[in-house]
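Observations on the model geometry
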Amino acid sequence: MTDKSATNLEQTNHIERTLRPILEMETAEQTIFPQTTQVQRKKEAHGGVCPICGAAVDEGADYCESCHNYINPDVCSFCGARVDAESAYCSECGSPKAGIECPVCKTMNHFAFCKQCGTPLTHEAMAMARKYRQGPLYDEIVDNARELARLERVLPYTSSQDMEDDNATERLRQRVLELLARDRGVEPAVVPEQKSGRMTAEEHEKRKAEIMDKLSGLLSQIDVEPDVSPVKARNYVMACRPAGLRVAWLCNYKHAMHSSPCGCAKPQMGGKWIVLGKNSMEQIKDDK
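Rules of the game
Residues numbered from 1 in each chain as written. Predicted model: local features only at pLDDT ≥ 70, side-chain atom pairs only at ≥ 80, totals over all residues. Heavy atoms only, no water. Helix = DSSP H or I, 4+ residues; strand = E, 2+ residues; numbered from the N terminus. Buried < 20%, exposed > 50% of the residue type's maximum accessible area, 1.4 Å probe, protein only. Contact = heavy atoms within 4.5 Å. Areas by Shrake-Rupley, 256 points an atom, 1.4 Å probe, with all protein chains shown as cover. Patch = residues over 30% accessible without salt bridge, like charges linked within 9 Å, V, L, I, M, F, W, Y side chains within 5 Å. Salt bridge = Lys/Arg side-chain N within 4 Å of Asp/Glu carboxyl O. Core = buried A, V, L, I, M, F, W, Y, C linked by side-chain atoms within 4.5 Å. pLDDT = per-residue confidence, 0-100. Pairing = 2+ DSSP bridges. Axes fitted to C-alpha atoms, helices over the stretch in contact; angles between N-to-C directions. Parallel < 35°, antiparallel > 145°, perpendicular 65-115°, else oblique. Left-handed = near helix turned anticlockwise from the far one by under 90°. Nonpolar A, V, L, I, M, F, W, Y, C, P; charged D, E, K, R; others polar. Polar contact = N/O pair within 3.5 Å; in protein donor to acceptor, adjacent residues only side chain to side chain.

Examining the overall build of the protein chain
Broken down by element type, the protein chain carries 7 helices and 7 strands. When the elements of the protein chain are put in sequence order from the N terminus, they spell out α-α-β-β-β-β-α-α-α-α-α-β-β-β. Residues classed as buried in the protein chain amount to 35% of the 288 residues present. Put simply, of all contacts in the protein chain between residues at least 6 apart along the chain, 52% involve residues at least 24 apart. By element, 52% of the accessible surface of the protein chain is carried by carbon and sulfur atoms, the whole surface being about 18,100 Å².

In structure tokens form, the structure reads like this:
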């Protein structure tokens, strides 16, 4: 063996002796802590932090609740298709990564439905809204929402004098209409009774509570399918958002109240719409 070959062999043996403890340690780590190592690798791939503001971000989250930005550049926030992180538009749905301005309330959005008013902003979102905003369940929700809105406009009686004044007004209305009918030669002058819809404050609160309980039960039937992506879950829940109701989204991720699932980092974990009363002071962890 030449001096040069001996030198090369010695260098190779030295490198192997140096690396062997490190390789053995890595193998032992993967054997003893396989789950921890896999989770760590996933977090490293995601970064574990928001690329925009640096806040901690959980694995599986595609939205930062600290700075209110979408943070998954490889997935279209509008349709959920895989996209080139460097492209300006989604090749699947054509939506711009820069966002879409809502034509109704002028809010800038990075999701398929307006986070402020719920207006569908893409063709797919419009089709989903047509699909889910029909049928007996949605119709029943809308009917109860209208009844709740009507009750909110009703001024309840605050005293017995209020009730007497209301009855006196009704008698006067009937008397005037009877006289007008007779002047036109209408006999007998039959005037149908018109109910004001007013009620006592106690009955008013009871009726509102009954409607809200019924709505809560109906809204709980809107559930996210298991194993769905965050984008698909967000779009489904927004497509089912009831019109004519002041609602908030109570997420299962952090049990926080959002104005919509557009403000939740993990909508795929599900949640439910909560009906907010006219003067509700519920605290909403809103997105900007």
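With respect to a nonpolar patch on the surface
Among the surface-exposed residues, Leu172, Val176, Leu177 and Leu180 lie close enough to one another that they form a single nonpolar patch of about 330 Å² accessible area. Position of Leu172 relative to the elements: it lies in helix H5 (residues 160–183). A residue is classified by how much of its surface remains accessible, and Leu172, at 55% relative accessible area, is exposed.

A short note on the nonpolar core
Core analysis: the biggest nonpolar cluster contains 44 residues, and Phe113, Ile141, Leu215, Ile222, Leu245 and Trp273 have the highest contact counts within it. At the level of secondary structure, the elements contributing two or more residues to this core comprise strand S1 (63–64), helix H3 (123–132), helix H4 (136–153), helix H6 (201–219), helix H7 (230–239), strand S5 (247–251) and strand S7 (271–275). At 6 residues, H7 tops the list of elements feeding residues into this core. Not counting chain neighbours up to four residues away, the residues in contact with Ile141 comprise Leu215, Leu218, Leu219, Ile222, Pro242 and Leu245. In terms of nonpolar packing, the next biggest core, distinct from the first, is built from 10 residues, Cys79, Cys102, Cys114 and Leu121 among them.

Some details on the confidence of the model for the protein chain
Chain-level pLDDT for the protein chain is 82 on average; 80% of the residues reach the 70-or-more range. No element of the protein chain has a lower mean pLDDT than helix H2 (residues 34–46), at 40, and none a higher one than strand S3 (residues 100–101), at 97. Counting contacts from residues 25–46, a segment whose pLDDT is below 50, to residues more than four positions away or on other chains yields 11 contacts.

Overview of the sheet that holds strand S6 (residues 257–258)
Ordered by their spatial adjacency, 3 strands build an open sheet running S6-S5-S7, and the pairing between neighbours is antiparallel. Where the open sheet ends on each side, the last strands, each with one partner, are S6 and S7. Here 2 bridges tie S5 to S6, and the two strands are oriented antiparallel to one another. When the bridges of S6 are listed, Leu250 appears paired with Met257.

Observations concerning the packing of H3 against H7
Running from N to C, H3 and H7 cross one another at 50 degrees; their axes reach a closest spacing of 8 Å. One way to sum up the angle between H3 and H7 is to call them oblique. Crossing hand, H3 versus H7: right-handed. Of H7, the residues touching H3 (which contributes Glu124, Met128, Ala129 and Tyr132) are Lys232, Asn235, Tyr236 and Ala239. Split into classes, the residues belonging to the contact of H3 with H7 amount to 5 nonpolar, 1 polar and 2 charged.

Notes on the side chain of Asn109
Of note, Asn109 is situated in strand S4 (residues 108–109). On the basis of relative accessibility, which here comes to 1%, the residue Asn109 falls in the buried class. A distance of 2.8 Å separates a polar atom in the side chain of Asn109 from the backbone oxygen of Thr107. Among the polar contacts listed, one links the side chain of Asn109 to the backbone nitrogen of Lys115, at a separation of 2.8 Å. With residues near it in sequence (within four places) discarded, Asn109 still touches Phe78, Gly99, Ile100, Cys102, Cys114, Lys115 and Leu121.

As for the pairing of S5
Burial runs high along S5: 4 of the 5 residues are buried. In this sheet, S7 lies alongside S5 in antiparallel orientation, the contact comprising 5 bridges. Considered in S7, the bridge of Leu250 is made with Lys272. Where S5 folds back onto S6 in an antiparallel hairpin, the turn is made up of 5 residues, including His255, whose phi is positive at roughly 55 degrees.

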